[in-house]
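# Structural overview
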Amino acid sequence: MSKPTVGIIMGSQSDLNVMREAAEMLNELKIPFELTIVSAHRTPHRMMDYATTARKRGLKVIVAGAGGAAHLPGMIASLTSLPVIGVPIKSSNSIDGWDSVLSILQMPGGVPVATVALNGAKNAGILAAQILGTENKLIAKKLDSFKVNLRRKVEASFKAIEKKGWQHLQ
Ligand code: RP5
């Protein structure tokens, strides 16, 4: 098994239901990743250790998910120069999800976090793969076929609508 190039982390096990979509996407693309829990507030020393050793351990991208006062992605980005993709999660301590979105999105100048949509872990997995795909032709090829499949699905649905009429489709 080759070494993980993507690190998927989340603030709590309660985030896993959302974050598993990033893992499933990377699995589908056969990209080795590691997945663990790192809490900015409850395990701050572990967070520092994770971020400062990430590059040495072979990671190239970090996908970090958190909800509510979602400081994990931004703090990880403050501690490493690896690209960090932030996944805002609508968690039990979120008011309506905007708190998680804004905590991850509104980073100060100099410390970017590439923020996906609320609960957008699938897109975070795809974006991580796309970053790796800038250097890795095999990954780029798989992403190209992924996009072709997206197009084909839409084509199939508009062709079915044009042929049968929308009333006959689910
Ligand atoms: C955040 O608080 C975590 O990322 C999670 O989304 C949220 C709630 O955590 P639990 O109380 O469920 O552990 O730090």
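These figures come from a predicted structure and were not determined experimentally.

## So, the pattern of salt bridges
If you walk through the whole model with that rule in mind, you get 2 salt bridges. Here E34 makes a salt bridge to R57, at a shortest N to O gap of 3.0 Å. Of this pair, E34 sits in strand β2 (residues 33-37) while R57 sits in the loop between α2 (44-53) and β3 (61-67); the two residues are 23 residues apart in sequence, bridging distant segments of the chain. Where R151 meets E155, a salt bridge forms, and the shortest distance between an N and an O atom there is 3.2 Å. Separated by 4 residues within a single helix, R151 and E155 lie in helix α6 (residues 137-164), roughly one turn from each other. For E155, a relative accessible area of 24% puts it in the partly exposed group.

## Concerning the packing of helix α1 (residues 16-28) against helix α5 (residues 121-133)
Where α1 contacts α5, the two axes come as close as 7 Å, and the packing angle between them is 35°. α5 is crossed by α1, and the crossing has right-handed handedness. Contacts between α1 and α5 involve V18, M19, E21, A22, M25 and L26 on the former and, on the latter, A121, K122, G125, I126 and A129. The residue inventory of the contact of α1 with α5, partitioned by class, reads 8 nonpolar, 1 polar and 2 charged.

## Quick look at unusual backbone geometry
For K30, which is not glycine, the phi torsion reads 55° and is therefore positive. Within the element layout of this structure, K30 appears in the loop between α1 and β2.

## Quick look at the packing of α2 against helix α3 (residues 72-79)
Between α2 and α3, whose axes approach to 8 Å, the crossing angle comes to 50°. Taken together, the axis directions place α2 and α3 in an arrangement best described as oblique. Handedness of the α2/α3 crossing: right-handed. Of the residues in α3, those in contact with M47, M48, Y50, A51 and T52 of α2 are L72, M75, I76 and L79.

The rules behind each value
- Residues numbered from 1 in each chain as written.
- Predicted model: local features only at pLDDT ≥ 70, side-chain atom pairs only at ≥ 80, totals over all residues.
- Heavy atoms only, no water.
- Salt bridge = Lys/Arg side-chain N within 4 Å of Asp/Glu carboxyl O.
- Helix = DSSP H or I, 4+ residues; strand = E, 2+ residues; numbered from the N terminus.
- Buried < 20%, exposed > 50% of the residue type's maximum accessible area, 1.4 Å probe, protein only.
- Axes fitted to C-alpha atoms, helices over the stretch in contact; angles between N-to-C directions.
- Left-handed = near helix turned anticlockwise from the far one by under 90°.
- Contact = heavy atoms within 4.5 Å.
- Nonpolar A, V, L, I, M, F, W, Y, C, P; charged D, E, K, R; others polar.
- Parallel < 35°, antiparallel > 145°, perpendicular 65-115°, else oblique.

These figures capture arrangement, not role.
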